[in-house]
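Given next are the chains, with one letter for each unit.
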Number of protein chains: 4
Amino acid sequence: MTQTTSQSESNWLAPEELDAARERLPILYIDAIPVRVDVHGQITSVGLLLRATGEGRITRALVSGRVLYQERVRAALLRHLEKDLGPLALPRVPLSPAPFTVAEYFPTPGVTPFHDPRQHAVSLAYVVPVEGDCEPQQDALELTWFSPAEAREESLHAEMAGGQGLLLQQGLASVGC
Amino acid sequence: MTQTTSQSESNWLAPEELDAARERLPILYIDAIPVRVDVHGQITSVGLLLRATGEGRITRALVSGRVLYQERVRAALLRHLEKDLGPLALPRVPLSPAPFTVAEYFPTPGVTPFHDPRQHAVSLAYVVPVEGDCEPQQDALELTWFSPAEAREESLHAEMAGGQGLLLQQGLASVGC
Amino acid sequence: MTQTTSQSESNWLAPEELDAARERLPILYIDAIPVRVDVHGQITSVGLLLRATGEGRITRALVSGRVLYQERVRAALLRHLEKDLGPLALPRVPLSPAPFTVAEYFPTPGVTPFHDPRQHAVSLAYVVPVEGDCEPQQDALELTWFSPAEAREESLHAEMAGGQGLLLQQGLASVGC
Amino acid sequence: MTQTTSQSESNWLAPEELDAARERLPILYIDAIPVRVDVHGQITSVGLLLRATGEGRITRALVSGRVLYQERVRAALLRHLEKDLGPLALPRVPLSPAPFTVAEYFPTPGVTPFHDPRQHAVSLAYVVPVEGDCEPQQDALELTWFSPAEAREESLHAEMAGGQGLLLQQGLASVGC
C-alpha cells in the first residue's frame, strides 16, 4: 500500500499528527482491484499499477489509500481510483458497502498475511470495474492490464508487496475467476 | 414468480415434461431487482413490474425466471432482464456469481417465507443496475420506479406475491439501503 | 454505540489523545448481533443489550466497540462480546473476515443512516452465534432475547440509537430472516 | 461430484426419470468444504474425501450431492455431510443461505471451470465447520485433514476432479485463507 500526502488530505491531519496516530490506532484504508468486464459481467482484464517504493524497489500494486475523516468509504474508493487511474477512468463503485474481504496490514510481519511497516492499516477491499480511459497518475509509473489467467500467476503475485498478491487472488476468487 | 414458455425454451423441455419435472425436482430460478444507481454506486430508484396473475390478480413483481439446461446463470439473468425490460435496458450483470440470498419457493405455503404453488423453485437473487431505457415487455403491464424509501414500505411489499416483498427487502438491505 | 475506556485500552491511547484522534480520523469499530441458532443454522433468538446512555436515556444496543492498535478484527469481536455478554458466552466468530455490511457512523446526522455524536466511526458488522451462558456485564443493564419476528419490529428499532435498528434489520436480512 | 442413489432419494425420482431430467434441466446441488476451526474462527484444517470414481480413478473430493424435491438447501447440506462424514460430525450449517460461490458444472468441458459429464449441475458452495468425530461413510474410502497451507497447493487440486480444486481455492479465499 502506498500513499501520498495530498493537499486535500493535509486539511484533515498534519503529517506529524498522522504519524503519531499511526503508532496508536488502526488506520482505515481501501484497496481496489480495477477490472475490465464484458457484457456478461465476466472479467476480461485486471489492472495493476507499477510503483517505485520509498526504498527504490519496483512493485506491482493495487489502488489503495486512506479513508479520511468524514469521508464516505465510497467517496474514498472513487477518490483513490481517480487519483491513480485518472479522471476519465469511470469506475463503477460497488452497490454493496460490504467488501469481499478485510485485509489487516500489521506493522509486524507474520501476524496476518498482510504487512505495512508504517502502520496498522485495516483495509476494505473491493473489485471495481472501470469503463473509461485509464492513465496512471502521480507516483504510479505505469498501469498494466493482465488477463485473468495472468493475474492468478504466483510469479505476478511475487512482484507485489505487503501481501497484495494474496489480496488480488482473494478478489479474483470472490468473483468466480 | 411468473414464467412464459417461449419458443426458445420449448427446445429444451416440452410443457408436459416440464410439468412432470416440476413435481419431482427443485427447479432453478433467478430473481433480479432492477435498480438505477448514481456515480457513487448509491441506488436512486428500484424497478418493479406490474403483472396480472393467472387468477386475474394484479401484483408487483421482480424480474424472475427459469435457468435453462446448459445456460449460464449470468446468461439467464440477462435473458430474463431483456425479456421483461426490453432489449435496451443495458443491465450490468454482477461480477460475482454469489447471489445476495437464495430464495426457496416451496409449493406448500409456510415452509419458508417464499411460496410458488406450481413448483419447488430455488432462486438465486441479485440486485442488478440497469443503465438504458426500460420498457415492460410481454406479460408485464407496466414498469414502475420507486425511491429506495418507497421500496422499503410494507404496503408495497403487500402488493407482491410469493414472498417477493421480503426478497426485495433483503436485496435492499444487502446493498446498505 | 457505547464505549468504556477500560484499563487495557489505556495502554494504547490516553483518553485525551483518543479525543484528539476522534476529531481527525475515522475510528475503526465492530458491531456484533448476538444470536442463538438451531442445528439447521436457523436463528431462534436475537440478543440486545439494555443500556443507559450518557444523557440518562435507556436504549437497546448491539455489542459494539473499538478495534485497538495491533488487534485483529476477530480478537476485537471476541473481546467486546466477552466484555458485554460475559466470559461464558462462547461466541462463534465468523469464518469470513468480510462483514455483512459496513456501518458508517458520522458525527453529523443525516449523512448516512448511522450517527455517533462523538466521532466518525466505521464499523464492521457481523452476526455472531453464541452458544454459552450470557450475562450482561459492566454498563449493560440487561440482555434480552427476542424472537426473529420481534427483532424485525420497527417499534423495537425505535428503541435503538444511532441507526442500530437499521443495522439489526440489515443483519437479519443477510442471514435470510 | 459424486452421487449415490440412496433409498430415500428413490422416493422422489426413479433412476430412469432422473436420467431423463438430467438431459433436460439444470440439477441443483450443494458442495461443502468441511473445516476445523479454532476459537478465533480461524481454519486449522480442511477435510477432503478420497473416492474411487466410476472409471476406477482415485480422486480427492468435496462433500457434494443433489438437493431433493421439497428439501431445504440447509437440510441437503446436513444430509450430505452426515452421509459422507458420519452421524457424529456435528456440522455447523452457515447462518446465511448465500453460498460463497455458485459452481456451474457443465456436461461439456470448458464452458466453465467446472465439469460433470453426467449432467448440468448448479451447485451452491459453502464452507462448513464440523465439530465432532468424522468417519468416512459409504463410497468414500478415506477422509484426510490438510492444513490450510496444504489445501492451497496446486498439486492437491490436481487430484480433484471436475474443477473442485478451484472451488476449494475459492472457498478458502472467501474465508481469508
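### Regarding the overall build of chain A
- In terms of helices and strands, chain A carries six helices and eight strands.
- When the elements of chain A are put in sequence order from the N terminus, they spell out α-α-β-β-β-β-α-β-β-β-β-α-α-α.
- Taken over C-alpha atoms, the radius of gyration comes to 15 Å for chain A, in line with the 16 Å a tight globule of 177 residues would show.
- Looking at chain A residue by residue over its 177 residues, the buried ones come to 59%.
- Counting only contacts in chain A whose residues sit at least 6 apart along the sequence, the fraction spanning at least 24 positions is 69%.
- Here chain A displays about 6,600 Å² of accessible surface, and carbon together with sulfur accounts for 51% of that area.
- Distance from the positive charge centre (14 side chains) to the negative charge centre (22 side chains) of chain A: 4 Å.

### Some thoughts on unusual backbone geometry
- In this structure, A:Gln70 is a non-glycine residue whose phi angle is positive, near 65°.
- Relative accessible area serves as the criterion here: at 34%, A:Gln70 is assigned to the partly exposed category.
- Its identity as a non-glycine residue notwithstanding, C:Leu90 has a phi of 50°, on the positive side.
- What makes C:Leu90 exposed here is its relative accessible area of 52%.

### Details of the relation of the copies chain B and chain D
- With an RMSD of 0.0 Å, chain B superimposes on chain D once it is rotated by 180° and translated 0.0 Å along the axis. The relationship between the two copies is best expressed as a two-fold rotation axis.
- Comparing contact sets, 100% of the residues at the interface of chain B also lie at the interface in chain D, consistent with an isologous, same-surface contact.

### Some remarks on the relation of the copies chain C and chain A
- With an RMSD of 0.0 Å, the operation that places chain C on chain A is a rotation of 180° combined with a shift of 0.0 Å along the axis.
- When the interface residues of chain C are mapped onto chain A, 100% of them again lie at the interface, so the same face is used by both copies.

### Here's the deal with the state of the cysteines
- In the structure shown here, the tally under the stated rule is zero disulfides over all chains.
- C:Cys177 carries a free sulfur, and the closest cysteine sulfur to it, the one in C:Cys134, is 17 Å from it.

### Some remarks on the interface of chain B and chain D
- If you look at the interface, chain B gives 35 residues, while chain D gives 36 residues.
- Buried area between chain B and chain D, summed over both chains or domains, comes out near 2,900 Å², and the portion from carbon and sulfur atoms is 62%.
- Of all residues in chain B, B:Arg24, B:Leu25 and B:Tyr69 give up the largest surface area on contact with chain D, accounting jointly for 23% of the area buried on that side.
- Across the chain B-chain D interface, the total number found is two salt bridges.
- D:Glu104 serves as the salt-bridge partner of B:Arg72, at 3.3 Å between the closest nitrogen and oxygen.
- Where chain B packs against chain D, one counts seven residue pairs in polar contact (both at pLDDT 80 or more).
- Those elements that place two or more of their residues in the side of chain B that touches chain D are α2 (15-22), β1 (27-37), β5 (101-106) and β7 (121-129) of chain B.

### With respect to the confidence of the model for chain A
Residues and elements named next belong to chain A.
- Looking at chain A as a whole, its pLDDT mean stands at 89, while 93% of the residues score no less than 70.
- The lowest-confidence element of chain A is helix α1 (residues 7-10), averaging 41 in pLDDT; the highest-confidence one is strand β5 (residues 101-106), averaging 98.
- Across residues 1-11, where pLDDT falls below 50, the model places 26 contacts with residues more than four positions away in sequence or in other chains.

### Quick look at the pattern of salt bridges
- Inspection of the entire model under this criterion finds 24 salt bridges over all chains.
- A salt bridge links A:Arg51 to A:Asp84, with the nearest nitrogen and oxygen atoms 2.9 Å apart. Of this pair, A:Arg51 sits in strand β2 (residues 43-52) while A:Asp84 sits in helix α3 (residues 73-85), and the two are 33 residues apart along the sequence. In terms of burial, A:Arg51 and A:Asp84 fall into one category: buried.
- The partner of D:Arg92 in a salt bridge is D:Glu131, and the shortest N-O contact between them spans 2.5 Å. Taken together, the residues D:Arg92 in the loop between α3 (73-85) and β5 (101-106) and D:Glu131 in the loop between β7 (121-129) and β8 (140-146) connect sequence positions 39 residues apart.
- Look at D:Arg92 and you get buried, because its relative accessible area is 16%.

### Notes on helix α2 (residues 15-22) of chain A
Residue and element names in this part refer to chain A.
- Looking at α2, one finds that the buried residues are Leu-18, Ala-21 and Arg-22. Each buried residue of α2 lies within a common arc of 100° when the element is viewed along its axis, so the set occupies one face.
- In this fold, the buried residues of α2 make contact with β1 (27-37) and β4 (63-66).

### What about the environment of A:Leu167?
Residues and elements named next belong to chain A.
- For Leu-167, the position within the fold is in helix α6 (residues 164-174).
- Take Leu-167: its relative accessible area is 0%, and that puts it in the buried class.
- Spatially, the C-alpha atom of Leu-167 lies 19 Å from that of Gln-42, the residues being 125 residues apart in sequence.
- With residues near it in sequence (within four places) discarded, Leu-167 still touches Asp-31, Ile-33, Leu-62, Phe-100, Thr-101, Ala-103, Tyr-105, Phe-114 and Ala-125.

### Observations regarding a negative patch on the surface
- Among the surface-exposed residues, A:Glu150, A:Glu153, A:Glu154, D:Glu150, D:Glu153 and D:Glu154 lie close enough to one another that they form a single negatively charged patch.
- By secondary structure assignment, the location of A:Glu150 is in helix α4 (residues 148-151).

### What to know about the pairing of strand β5 (residues 101-106) of chain C
All names here are of chain C.
- For β5, a buried count of six out of six residues is recorded, marking the element as mostly surrounded by other parts of the structure.
- Across five bridges, the pairing between β5 and strand β7 (residues 121-129) is antiparallel. Considered in β7, the bridge of Tyr-105 is made with Ala-121.
- Alignment of β5 against strand β6 (residues 114-115), held across two bridges, turns out to be parallel.

About the criteria used
- Residues numbered from 1 in each chain as written.
- Chains lettered and ligands numbered in written order.
- Predicted model: local features only at pLDDT ≥ 70, side-chain atom pairs only at ≥ 80, totals over all residues.
- Heavy atoms only, no water.
- Helix = DSSP H or I, 4+ residues; strand = E, 2+ residues; numbered from the N terminus.
- Rg over C-alpha atoms; globule rule 2.2 N^0.38 Å.
- Buried < 20%, exposed > 50% of the residue type's maximum accessible area, 1.4 Å probe, protein only.
- Contact = heavy atoms within 4.5 Å.
- Areas by Shrake-Rupley, 256 points an atom, 1.4 Å probe, with all protein chains shown as cover.
- Lys, Arg positive; Asp, Glu negative; His and termini not counted.
- Charge placed at Lys NZ, Arg CZ, Asp CG, Glu CD.
- Least-squares fit on C-alpha atoms with pLDDT ≥ 70 in both.
- Disulfide = S-S within 2.5 Å.
- Buried area = accessible area lost by both parts, 1.4 Å probe.
- Salt bridge = Lys/Arg side-chain N within 4 Å of Asp/Glu carboxyl O.
- Polar contact = N/O pair within 3.5 Å; in protein donor to acceptor, adjacent residues only side chain to side chain.
- pLDDT = per-residue confidence, 0-100.
- Arc of directions from axis to C-beta.
- Patch = residues over 30% accessible without salt bridge, like charges linked within 9 Å, V, L, I, M, F, W, Y side chains within 5 Å.
- Pairing = 2+ DSSP bridges.

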